[in-house]
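Listed here are the chains, written in short residue letters.
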Amino acid sequence: MAVKIYTEKDADLSVLKGKTCAVIGFGSQGHAHALNLKESGVKVIIGLYPESKSVPVAREYGFQVYDTATAVKKADVIMIALPDTKQPKIFAEDILPNLTKGKTLLFSHGFAIHFKTIVPPADVNVIMVAPKGPGHIVRRQFTEGKGVPSLIAIHQNPGKDAKKIALAWAKGIGGARAGVLETTFKEETETDLFGEQVVLCGGTSALVQAGFEVLVEAGYSPEMAYFECLHELKLIVDLMNEAGIAGMRFSISETAKWGDVSVGPKIIDASVKKRMKAALKDIQTGKFAKGWIAEYEGGYKEYNRLMKEGANHPIEKTGAKLRALMPWIKKRDIKGSQAAYK
């Protein structure tokens, strides 16, 4: 059955008029939601722990910043924009004691609710507004008069207005400009984790690194391997994004097309699909979530080891050298994030 797509005409921003919306956290998604809502005329405050480095940043953007507990007390709609693993402790200590009947709890990802690391009281609305893109894209698209398609989901609706609030929030961040689709916390969580692991991040990263290694080990230069296995990937993905896989094939040579359809399925074959299904099963049963929570509670030891290993892969050194020759490629400062893995 086709999913209904809501647009700006289906969402009423006035639903948030007279309400105070608190965004707990000011990271990737948090800052984008807060700024976009503020510029849409919604009253937004920020909740952070007092020592957070984001406090002066949020104030510089003109927000009133409170400690998390105070922000929850003051707000009618509370968005938890914190990492999945950190949400339960902050929810238990600062959010739950200050949730009162009639408030709305909002998530941008369904992990905590679906895997029950957070169990909200029955007398508050629990909704999700999940843009299908990282926060900096949500922000950039909004400032350009565009938007990132967004998902909404309703987990609890004691106030009988949960869907209206979700649609209004989606409109306020620009999502309704591109289309808003209704889903469930379960579907969003499981498909999101699956996409990240087997295609968008895990699958793509592993495929690029493996292709680079095969060429270099066969005696080809790292520079040629980088161009063929990483640099040109964006060009192909852009074509897919604009016109689908068939549209991408329309724009490449016949030789490339033949290699695509005749060799690709031999690489990503039935055995890969079988392992994809196993990864999906681990997500559905909660095995992945339990393992990830245990990794967090254990101090991120394996996580940091694997991240350090990836940051030190030869493709990174080659890529840094070649990207320096292309000043038009936007550079991202990742030194701070990489420092944690050293």
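In case you missed it, the structure is sitting above this.
These numbers were taken from a predicted model, which means no experiment stands behind them.

What is the right way to read the packing of aromatic side chains from this model?
Aromatic ring pairs are reported here in terms of the distance separating the ring centres and the angle at which the planes meet. Scanning the entire structure with this criterion turns up nine aromatic pairs. The interplanar angle of 50 degrees and the centroid separation of 6.1 Å between the aromatic rings of Phe26 and Tyr61 together place this pair among those described as tilted. Here Phe26 is found in the loop between β2 (20-24) and α1 (28-39), whereas its partner Tyr61 is found in the loop between α2 (54-60) and β4 (64-66), with 35 residues between them in sequence. Ring pairing ties together the aromatic residues Trp292, Tyr296, Tyr300 and Tyr303, which thus form one cluster.

Just to check I follow, could you spell out helix α4 (residues 87-95) for this structure?
Residues lying three or four places apart along an α-helix face the same way, a consequence of the helix completing one turn every 3.6 residues. Regarding α4, the residues found buried are Gln87, Phe91 and Ile95. Seen end-on, α4 carries its buried residues on one side only, within an arc spanning 35 degrees. The elements touched by buried residues of α4 are α3 (68-74), β5 (77-80), β6 (104-107) and α5 (111-114).

Whenever I open this one, the pattern of salt bridges confuses me. Can you help?
A pair can form between side chains of opposite charge whenever their charged atoms are brought close. Counting across every chain of the model gives 12 salt bridges. Glu190 is paired through a salt bridge with Lys186; the nearest N and O atoms lie 3.1 Å apart. With Glu190 and Lys186 both in helix α9 (residues 185-200) and four residues apart, the pair spans about one turn of that helix. Residues participating in the shared-partner salt-bridge network are Glu302, Arg305 and Glu309.

Would you mind showing me how to read unusual backbone geometry here?
Look at Lys160: it is not a glycine, yet its phi comes out positive at around 60 degrees. With respect to the secondary-structure elements, Lys160 resides in the loop between β8 (150-156) and α7 (162-172). The phi dihedral of Tyr300 is positive, around 60 degrees, even though this residue is not glycine. Structurally, Tyr300 can be placed in the loop between α15 (287-297) and α16 (301-311). Here Tyr300 falls in the partly exposed class, since its relative accessible area comes to 22%.

In this structure, what is going on with the pairing of strand β7 (residues 125-131)? I would like to understand it.
Regular strands place their side chains on alternate faces of the sheet. Among the seven residues of β7, seven are classified as buried, and the element is accordingly described as predominantly covered. Alternating positions in β7 separate into two faces, Asn125, Ile127, Val129 and Pro131 on one and Val126, Met128 and Ala130 on the other, with burial throughout. Across four bridges, the pairing between β6 and β7 is parallel. Looking across to β7, one finds that Thr104 is bridged to Asn125. Pairing analysis gives six bridges linking β7 to β8, with the strands arranged antiparallel. In the strand pairing of β8, Val129 is matched with Ile152.

It is not clear to me how the environment of Lys103 should be interpreted in this structure. Could you clarify?
If you trace the backbone, Lys103 turns up in the loop between α4 and β6. Using a relative accessible area of 9% as the deciding quantity, one classes Lys103 as buried. Discounting residues that sit within four places of it in the chain, Lys103 has contacts with Val72, Lys73, Ala75, Asp76, Ile78, Asn98, Val124 and Asn125. At a separation of 3.3 Å, a polar atom in the side chain of Lys103 contacts the main-chain carbonyl oxygen of Lys73. Within the structure, the side chain of Lys103 is placed 2.4 Å from the backbone oxygen of Ala75, a separation counted as a polar contact.

Before we go on, may I ask you to explain the nonpolar core in this structure?
A general trend in soluble globular proteins is that nonpolar side chains are found buried together. Counting 34 residues, the largest nonpolar core has Leu16, Val23, Val44, Ile46, Val129 and Trp169 as the members making the most contacts within it. Among the elements of the structure, β2, α1, β3 (43-47), α2, β5, β7 and α7 are those that each provide at least two residues to this core. The element that contributes the greatest number of residues to this core is α7, accounting for seven residues. Sequence-distant contacts of Trp169, that is, excluding residues within four places in its chain, are made with Leu16, Cys21, Val23, His33, Leu37, Val77, Met79, Leu106 and Val129. Counting 24 residues, the second largest nonpolar core, distinct from the first, contains Ala71, Leu99, Ala112 and Leu151.

So what exactly am I meant to see when it comes to the sheet that holds β8 here?
Strand pairing in a sheet is mediated by backbone hydrogen bonds. Such pairs are either parallel or antiparallel. Taken in spatial order, the nine strands make up an open sheet running β1-β9-β8-β7-β6-β5-β2-β3-β4, and their pairing is mixed. Two strands lie at the open edges of the sheet, namely β1 (5-6) and β4, each paired on one side alone. Strand direction decides the pairing type here: β8 and strand β9 (residues 180-182), joined by three bridges, are parallel. Its bridge partner being in β9, Leu151 is matched across the sheet by Leu181. The sheet strands contacting α9 are β6, β7 and β8, and the helix crosses β7 at an angle near 35 degrees.

Would you mind showing me how to read the packing of helix α12 (residues 233-251) against helix α13 (residues 254-267) here?
Packed helices, taken two at a time, are described by the angle their axes make and the gap between the axes. Packing of α12 against α13 brings their axes to within 8 Å, and their N-to-C directions diverge by 140 degrees. When the axes of α12 and α13 are compared, the pair comes out oblique. Contacts from Met248, Arg249 and Phe250 of α12 reach α13 at Lys257, Asp260 and Val261. Per-class residue counts for the contact of α12 with α13 are three nonpolar, no polar and three charged.

What exactly am I supposed to notice about the packing of helix α11 (residues 222-231) against α12 here?
Orientation of α11 relative to α12, taken along the N-to-C sense of each, is 20 degrees, at an axis distance of 6 Å. Regarding the angle of α11 to α12, the classification is roughly parallel. Touching Cys229, Leu230 and His231 of α11 are Leu233, Lys234 and Leu235, all from α12. Of the residues belonging to the contact of α11 with α12, the class tally is four nonpolar, one polar and one charged.

Scoring rules and cut-offs
Residues numbered from 1 in each chain as written. Predicted model: local features only at pLDDT ≥ 70, side-chain atom pairs only at ≥ 80, totals over all residues. Heavy atoms only, no water. Phe/Tyr/Trp six-rings, centres within 6.5 Å; stacked < 30°, edge-to-face > 60°. Helix = DSSP H or I, 4+ residues; strand = E, 2+ residues; numbered from the N terminus. Buried < 20%, exposed > 50% of the residue type's maximum accessible area, 1.4 Å probe, protein only. Arc of directions from axis to C-beta. Contact = heavy atoms within 4.5 Å. Salt bridge = Lys/Arg side-chain N within 4 Å of Asp/Glu carboxyl O. Pairing = 2+ DSSP bridges. Polar contact = N/O pair within 3.5 Å; in protein donor to acceptor, adjacent residues only side chain to side chain. Core = buried A, V, L, I, M, F, W, Y, C linked by side-chain atoms within 4.5 Å. Axes fitted to C-alpha atoms, helices over the stretch in contact; angles between N-to-C directions. Parallel < 35°, antiparallel > 145°, perpendicular 65-115°, else oblique. Nonpolar A, V, L, I, M, F, W, Y, C, P; charged D, E, K, R; others polar.

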